[in-house]
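# Remarks on the overall topology
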2 protein chains.
Amino acid sequence: MKQMFSALSGKIKENAIDVYMDSIEPAVRDPVFFSVGMPNGGMIPKKELQRIMNEIFEADPARLYEYCSAKGFGPYVDVISKTENIPESYIMATNGNTQGVDLVCRMLLDEGDGFAMEMYTYSIAFSAVHQYRLKAVGIPLEQDGLDVDFLEKTLQTRRLKALYIIPNAQNPTGVTTSLEKRKKLIELAYQYDFIIIEDDPYRDLLFHGRPPSLFELDPLKERTIYLYSFSKVMAPAMRTGFILAHPAFLKKLEQFKQVTDACTSPMNQMLAGKLISSENWPQILAKQKHFYEKRKDWTKRFLQHMHETEQWEGAEPAGGLFYWIDVKKGGVTEWMKMAAQDGAVFVPGDAFTLERGRNTKIRLCFAYCSDEEMKKGFSRLEESFKKWKKTST
Amino acid sequence: MKQMFSALSGKIKENAIDVYMDSIEPAVRDPVFFSVGMPNGGMIPKKELQRIMNEIFEADPARLYEYCSAKGFGPYVDVISKTENIPESYIMATNGNTQGVDLVCRMLLDEGDGFAMEMYTYSIAFSAVHQYRLKAVGIPLEQDGLDVDFLEKTLQTRRLKALYIIPNAQNPTGVTTSLEKRKKLIELAYQYDFIIIEDDPYRDLLFHGRPPSLFELDPLKERTIYLYSFSKVMAPAMRTGFILAHPAFLKKLEQFKQVTDACTSPMNQMLAGKLISSENWPQILAKQKHFYEKRKDWTKRFLQHMHETEQWEGAEPAGGLFYWIDVKKGGVTEWMKMAAQDGAVFVPGDAFTLERGRNTKIRLCFAYCSDEEMKKGFSRLEESFKKWKKTST
């Protein structure tokens with residue numbers, strides 16, 4: 001059957017994180033998954049979702065059960081237009097940012113295009129690199145966002161078609177791009193004529209307010225395409241988000257959306273739209289931020305302890321779900337297998353870069369686990385690390 | 001911004017049906033939409049959907065709100081495995097058959113591949129032709145399915161990579177492929193080494209039972225990929241369906257699904273899975289079939305009347321939502337605009353073929369309208385047709 005597959009089928013690869021996670025074999029009944037990048041189950045507004053879904057069933061709005069346009073379900077697009085303060089001509093509903101990235105890449109990218117991304121970044125960017133055979137450039141990340149001087153030097157010597165960036169509480173590093181760097185990136189995008197793909201699912205989980213998006217800072221909206229998803233603040237299972245883009249881009253994105261899956265579920269769009277419009281929504285978000293900040297602090301204390309004893313290092317994230325830690329010892333992929341066997345599962349740094357090497361960094365998600373699992377997981381990490389140091393050269 | 005678009009962006013086109021529908025301007029307050037290919041609002045099991053959704057919220061199954069694998073949400077895949085009587089390794093959840101077609105095309109097709117389809121067929125096939133610059137062949141449709149002799153002759157002279165077919169109550173013609181022709185198609189697929197993409201959303205709306213699917217008839221499951229959607233029997237807004245394919249295909253489809261939108265909403269999968277497992281489901285389907293058969297009969301009587309007065313012709317469909325009518329006068333696209341203005345909207349035959357010409361055929365959806373609209377719409381069609389005959393040469 002091999003001869004049946006398209007050339008594209010040969011280019012596409014399994015998600016890097018999954019490859020690593022498929023390679024582990026926890027030997028304990030109760031593994032702790034610092035690897036899972038999802039909201040905490042207790043933070044999912046289950047009762048609100050049920051209440052609002054029933055309100056929707058009772059109200060039975062026109063066309064709720066029908067196909068909607070590729071652009072989105074009217075009442076949802078209307079809510080997004082208000083909350084994002086942007087005309088409807090700039091809005092399209094998506095099934096979340098994975099679809100947002102896929103549609104934007106289909107619209108923009110040709111084989112061999114130059115494609116910049118943060119070094120390190122979320123593996124969805126690599127799937128674009130593989131599918132389109134892109135000339136990928138990893139731009140080093142600093143505490144306040146990517147190294148814009150490095151990017152500018154790169155642009156002086158080579159053409160880039162697009163830059164993929166997660167500006168808030170970045171996955172995996174937790175870095176939030178400063179306002180200065182956001183402004184500089186917009187300048188560069190107009191000067192060197194590339195598109196910024198702004199993937200922003202963590203903005204509402206910044207513990208203490210958020211800077212303006214690059215899309216908001218883009219004066220003409222001609223160089224930035226903005227992707228938002230409700231996966232982190234409502235539930236991944238909602239599969240609902242949106243794209244904000246210049247109408248010239250949006251019209252084409254609607255054509256791709258239509259042939260890709262016709263439309264996003266109007267029922268899910270209605271549910272998301274009603275929930276963010278509900279008076280409880282601000283409290284729901286505040287509760288989540290408080291919860292995740294507490295989790296971040298626990299992880300910070302654990303890191304301080306490991307810094308004193310093992311020189312681990314890591315910058316404190318301003319929000320989101322992830323803590324990025326440098327354990328100062330190469331080959332963490334080997335350690336990952338050992339630690340997973342002992343019941344503490346994390347994602348090694350290699351999953352977030354195309355450059356393989358003796359990586360010393362790991363990503364811990366402090367959101368998903370229960371309180372008990374966190375405590376248990378931290379001590380397992382410590383023991384496992386000490387064991388690994390002994391056994392490995 | 002033009003220079004920003006990918007080559008693929010230049011190939012993709014707006015859906016043919018939409019292009020025609022965007023061109024009309026009803027001059028009446030109450031246009032009748034025979035053009036809308038959707039279930040009747042009264043046939044949507046709204047109360048059941050609400051009841052079951054609440055059962056799900058109350059039961060709160062593990063991982064309901066999380067991402068599931070690209071393959072699908074466990075309990076849903078389990079239900080499909082039982083109802084379709086196929087191992088789970090052959091199943092993947094989709095957002096419906098538009099996505100099914102998109103993923104299968106990505107997996108199979110390269111630029112310039114030979115691609116056969118029924119002449120006439122649903123426009124989603126054309127989007128594949130445009131995106132992949134396929135060498136398209138329209139195979140004539142007969143009362144019992146496509147002309148397999150024509151297909152075989154074609155295969156003797158040229159290589160085909162895939163055949164796209166809607167075997168039951170086809171859109172737009174209403175034709176159901178006979179068992180003999182299904183068997184012959186499987187033979188040809190193995191003999192000439194092409195893949196049958198079986199798009200089957202209408203199977204459960206056949207009024208009096210259905211023949212085995214081509215996938216069921218495929219002995220090794222190596223030449224048929226099966227696509228099902230709950231859009232016609234539950235609600236288009238569910239955006240839930242599934243692909244059945246050989247595990248060798250399914251593994252690759254999972255990779256495409258993952259980079260396309262991560263997964264189909266586990267909430268929607270759970271809702272669909274519970275509904276088809278509920279004891280009421282057989283009655284819900286029976287009620288729909290009875291309703292649509294009655295609508296088919298009304299349309300048949302209207303056609304008989306128009307046959308006597310205007311020589312219209314059309315074969316009675318064995319199920320589904322559509323009646324395909326030959327009005328025996330070319331240029332129905334002009335008439336469409338006139339009829340729409342007078343308040344009766346249909347889709348002209350040209351929307352279902354790549355071959356433009358003075359088409360004499362139209363598609364009437366007898367499902368979507370209300371009873372009153374149907375009656376009103378039929379008389380508007382008759383008056384409008386007589387008017388068109390006079391005014392046009």
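Residues numbered from 1 in each chain as written. Chains lettered and ligands numbered in written order. Predicted model: local features only at pLDDT ≥ 70, side-chain atom pairs only at ≥ 80, totals over all residues. Heavy atoms only, no water.

Per an unreviewed UniProt entry, chain A carries the name GntR family transcriptional regulator and comes from Heyndrickxia coagulans. You can read under Cofactor (unreviewed entry) in the UniProt record for chain A the words "pyridoxal 5'-phosphate". (UniProt positions renumbered as here; feature names shortened; annotations may be inferred.)

A count of helical and extended segments in chain A gives 14 helices and 13 strands. A compact globule built from 393 residues should have a C-alpha radius of gyration of about 21 Å, and chain A, at 21 Å, falls within 12% of that. Along the first, second and third principal axes, the C-alpha atoms of chain A reach 65 × 55 × 55 Å. In chain A, buried positions account for 65% of the 393 residues. Pairs at least 24 apart in sequence give 76% of the contacts found in chain A among residues at least 6 apart. When the accessible surface of chain A is totalled, it reaches about 14100 Å², and 52% of it is carbon and sulfur. (Helix = DSSP H or I, 4+ residues; strand = E, 2+ residues; numbered from the N terminus. Rg over C-alpha atoms; globule rule 2.2 N^0.38 Å. Buried < 20%, exposed > 50% of the residue type's maximum accessible area, 1.4 Å probe, protein only. Contact = heavy atoms within 4.5 Å. Areas by Shrake-Rupley, 256 points an atom, 1.4 Å probe, with all protein chains shown as cover.)

Turning our attention to the relation of the copies chain B and chain A. Placing chain B over chain A gives an RMSD of 0.0 Å and needs a rotation angle of 180°, together with 0.0 Å of translation along the axis. The transformation just described matches what one would write down for a two-fold rotation axis. In this assembly the copies share their binding face: 100% of the residues contributing to the interface of chain B also contribute to that of chain A. (Least-squares fit on C-alpha atoms with pLDDT ≥ 70 in both.)

Residue and element names in this part refer to chain B. Note the cis peptide between Met-119 and Tyr-120, where omega equals 25°. Its location among the elements puts Tyr-120 in the loop between β3 (114-119) and α6 (124-132). Cis rather than trans, the peptide bond between Asn-171 and Pro-172 has omega equal to 20°. Mapping Pro-172 onto the fold places it in the loop between β6 (162-165) and α8 (179-192). Positive phi values are uncommon outside glycine, yet Ala-169 reaches one of about 45°.

Turning our eyes to something else, we now look at the pattern of salt bridges. Residue and element names in this part refer to chain A. As enumerated under the stated definition, the model contains 60 salt bridges over all chains in all. Between Asp-30 and Arg-380 there is a salt bridge; the shortest N-O distance is 2.7 Å. Placement of Asp-30 in the loop between α2 (16-22) and β1 (32-33) and of Arg-380 in helix α14 (residues 371-391) is noted, with a sequence separation of 350 residues between them. Of the charged contacts in the structure, one is a salt bridge between Glu-382 and Lys-386, with a shortest N-O distance of 2.7 Å. Here Glu-382 and its partner Lys-386 are both found in helix α14, four residues apart, which amounts to about one turn of the helix. For Glu-382, a relative accessible area of 18% gives the class buried. (Salt bridge = Lys/Arg side-chain N within 4 Å of Asp/Glu carboxyl O.)

Looking now at empty space enclosed by the protein. According to the stated counting rule, one finds four cavities of 30 Å³ or more in the structure shown. Considering only enclosed or pocket space, the largest cavity measures out at about 90 Å³ in volume. Residue composition of the lining of the largest cavity, by class: three nonpolar, eight polar and three charged. In this structure, the second largest cavity spans a volume of roughly 70 Å³. Lining the second largest cavity we find Met-53, Phe-57, Ser-265, Met-267, Asn-268 and Leu-271 of chain A together with Met-53, Met-267, Asn-268 and Leu-271 of chain B. Residue assignment for the lining of the second largest cavity shows that the elements contributing at least two residues are α3 (46-59) and α11 (266-277) of chain A together with α11 (266-277) of chain B. (1 Å grid on protein atoms, 1.4 Å probe; cavity = no way out; pocket = protein on both sides within 12 Å on 5 of 7 lines; lining within 4 Å. Points joined across faces, edges and corners; volume = space filled by probe spheres on them. Nonpolar A, V, L, I, M, F, W, Y, C, P; charged D, E, K, R; others polar.)

Attention shifts here to the domain arrangement of chain A. In many analyses, interface size is given as the accessible surface area lost on bringing the parts together. Residue and element names in this part refer to chain A. Examined at the domain level, chain A breaks down into domain 1 (2-44 + 283-392) and domain 2 (65-277). Each partner contributes residues to the interface: domain 1 has 35 residues there, and domain 2 has 34 residues. Contact between domain 1 and domain 2 buries roughly 3000 Å² in total, counting both sides, with carbon and sulfur atoms accounting for 65%. For the pair domain 1 and domain 2, the number of links is one salt bridge. For Lys-11, the salt bridge identified is with Glu-111, shortest N-O distance 3.1 Å. Inspection of the region where domain 1 meets domain 2 yields nine residue pairs in polar contact (both at pLDDT 80 or more). Listed by contribution, the elements that provide at least two residues to the side of domain 1 that touches domain 2 are α1 (7-11), α2, α12 (281-310), β10 (322-326) and β13 (361-365). With seven residues, α12 is the largest single contributor of residues to the side of domain 1 that touches domain 2. For the side of domain 1 that touches domain 2, the residue count by class is 19 nonpolar, eight polar and eight charged. (Domains from an automatic or database assignment. Buried area = accessible area lost by both parts, 1.4 Å probe. Polar contact = N/O pair within 3.5 Å; in protein donor to acceptor, adjacent residues only side chain to side chain.)

Facing the 74 residues of chain B at the interface are 74 residues of chain A. Where chain B abuts chain A, roughly 6200 Å² becomes buried across the two surfaces, and 58% of that area is made up of carbon and sulfur atoms. Three residues, Met-1, Met-4 and Tyr-67 of chain B, lead the burial of chain B against chain A; their summed loss comes to 13% of the area buried on that side. Between the two partners, chain B and chain A, sit four salt bridges. Between Asp-60 of chain B and Lys-46 of chain A there is a salt bridge, and its shortest N-O distance comes to 2.9 Å. Applying the counting criterion to the chain B and chain A interface returns 44 residue pairs in polar contact (both at pLDDT 80 or more). Of all elements in the fold, only α1 (7-11), α3 (46-59), α5 (97-108), α6, α10 (247-261) and α11 of chain B reach the threshold of two or more residues within the side of chain B that touches chain A.

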